[in-house]
Amino acid sequence: MSSGSGSSRRPPAHPDALAGQMRSAGEDMDEAPPPDTPLGIDPRRRRGRGAVSNSTGRFEPTQHEAMDDGWGEPDELPPLRTEVLIDKARSVIARNSSPDIPFDRSINPYRGCEHGCVYCFARPTHAYLGLSPGLDFETRLFAKPDAAVLLEKELMRPGYTPRTIAIGTNTDPYQPIERQYRIMRQILEVLSRMGHPVSIVTKSALVARDIDILAPMAERGLACVALSVTTLDPHLCRTMEPRAAAPHKRLETIRKLSQSGIPVSLLVAPIVPAINDSEIEAILEAGYEAGAREAGYVILRLPLEVRDLVVEWLMEHYPGKARHVLSLLREMRGGKDYDARWHERMTGNGPYAEMIARRFSLALKRIGYLKRHPRLRTDQFQGAPKLAEQLSLF
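Residues numbered from 1 in each chain as written. Predicted model: local features only at pLDDT ≥ 70, side-chain atom pairs only at ≥ 80, totals over all residues. Heavy atoms only, no water.

## Quick look at the pairing of strand E9 (residues 198-202)
This is how it is decided: When a residue's accessible area, from a 1.4 Å probe over protein chains only, is under 20% of the maximum for its type it is buried; when over 50% it is exposed; and in between it is partly exposed. Only runs of H or I of at least four residues qualify as helices and only runs of E of at least two qualify as strands under DSSP, and these elements are numbered from the N terminus. In short, DSSP must find at least two bridges between two strands for them to pair.
Every second residue of E9 is oriented toward a common face, the buried set being Val198, Ile200 and Thr202 and the non-buried set Ser199 and Val201. In the sheet, strand E8 (residues 165-167) pairs with E9 via 3 bridges, with the strands oriented parallel. The partner of Ala166 across the bridge, within E9, is Ser199. Examined bridge by bridge, E9 and strand E10 (residues 223-228) share 5 bridges and lie parallel to one another. Across the sheet, Ser199 pairs through a bridge with Cys224, a residue of E10.

## A look at unusual backbone geometry
Here the bond from Ala269 into Pro270 is cis, since omega is -5 degrees, no more than 30 degrees from zero. One non-glycine residue, Arg182, lies in the positive phi region at around 55 degrees. Following the sequence through the fold, Arg182 ends up in the loop between helix H4 (178-181) and helix H5 (183-194). Here Leu304, not a glycine, exhibits a phi torsion of approximately 50 degrees, which is positive. Along the chain, Leu304 turns up in the loop between strand E12 (294-299) and helix H10 (305-317). Given a relative accessible area of 55%, Leu304 falls into the exposed group.

## Thoughts on H5
Note the cut-off: Under the convention used throughout, the expected extent of a helix is 1.5 Å for every residue step, that is, one less than its residue count.
With 12 residues, H5 ought to run about 16 Å at 1.5 Å a step, and its terminal C-alpha atoms sit 17 Å apart, in line with that. With 9 of its 12 residues buried, H5 lies for the most part within the structure. Buried within H5 we find Ile183, Met184, Arg185, Ile187, Leu188, Val190, Leu191, Ser192 and Met194. Positive phi shows up at Gly195, right after H5, with a value of about 65 degrees.

## Focus on the sheet that holds E8
Condition: Between the N-to-C directions of two axes lies an angle of 0 to 180 degrees, each axis being a line fitted to C-alpha atoms and, for a helix, fitted only over the stretch in contact. The contact criterion used throughout is that any non-hydrogen atoms of two residues lie within 4.5 Å.
One open sheet holds the 7 strands; their spatial order is E4-E5-E8-E9-E10-E11-E12, and the pairing between them is mixed. Taken across any chain shown, the strands that pair with only one partner, and hence form the sheet edges, are strand E4 (93-95) and E12. The mean inter-strand angle of the sheet, taken between neighbouring strand axes irrespective of direction, is 25 degrees. When E4 meets strand E5 (residues 105-107), the two strands line up antiparallel, connected through 3 bridges. What sits directly across from Ile93, in E5, is Ile107. Taken strand by strand, helix H9 (residues 280-290) contacts strand E11 (264-271) and E12, and its axis lies near 160 degrees from that of E11.

## A word on the sheet that holds strand E7 (residues 140-143)
Sheet strands line up and pair through hydrogen bonds in the backbone, either parallel or antiparallel. Spatially, 3 strands are ordered E3-E7-E6 in an open sheet, and the strand pairing comes out mixed. Each edge of the sheet is formed by a strand with only one pairing partner; in this case those strands are strand E3 (83-86) and strand E6 (110-111). Sheet analysis places E3 next to E7, joined by 4 bridges and oriented parallel. By the bridge assignment, Glu83 is partnered in E7 with Arg140.

Given below as structure tokens:
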């Protein structure tokens, strides 16, 4: 194998073209796995990973791809291992003004995510780091060990106004490397001490580790958690979210959190037409039985490189459904692969999107879900002393 470089960036491959290439590659479960090719990395090397390929980031001046020089593969290449780098951030609270999400600030303890969910809309952010949104996103991670210290400094700034901080809206704060780095736990310790509200989204059972912090916060109206359950099918979960918690572990985690008095929501996200949309009602019923009392959903989004990665994933795992899945997605996006407009990007529009919304609404009503949990409180926040309080010290 040799590495070619310096080529101009290729346009995204059309699904039909990819299908033909995959078939011509002769990929069959009874045959030896193919070596690294422009279509993807040798399956032996990416075992336990979500993305099929590792294309060069869109901002790079050159593109590198594996090439067969005709001599075969001289040596067996090592498996892809997780590498963690340190992110020397100078601030930790990210702000947004998006009108279709219920928070204006968030924290991301990590960049990249080892869960390897092929559909993750955060994948394109790795291109800003000069890395691939493909396998680099799930193997080359960045941790922010100073996050808790930076957070406390930001919360102590004069004039800071408390509002719920959302964590887990980009990459999962409880991904596997959190067991070692414990950054999320340190962040919760700061938020608890300062009486600041927090909302967490995760698909990891590791969140139960922090019940000792979250339960007292929830009792004060300062914390809630949402668990994402994409499917109840272990095989589908393993291929789509290879290093995330198994479905039964997520339901078990919902039960633990609920029994500890922590408000728990269920997210059916993403809904992938013709792949997991048949499970909507079953997931909602299982989540309610486990203790979730609020639920929401998101239709699969395909921004930027995510589109190509999902197409490759479909061609590898569901080649007979790939064209149908993409057709349904385009039907919900006005004929496009993705529609980034506010209030449209999460749920889509058109007959199929309306059917999903109706099914979801009817299931919520039948099962007994609440419309919303009570809002988190901000009146317990203890930040920088106000000027009158400071003057009283003299």
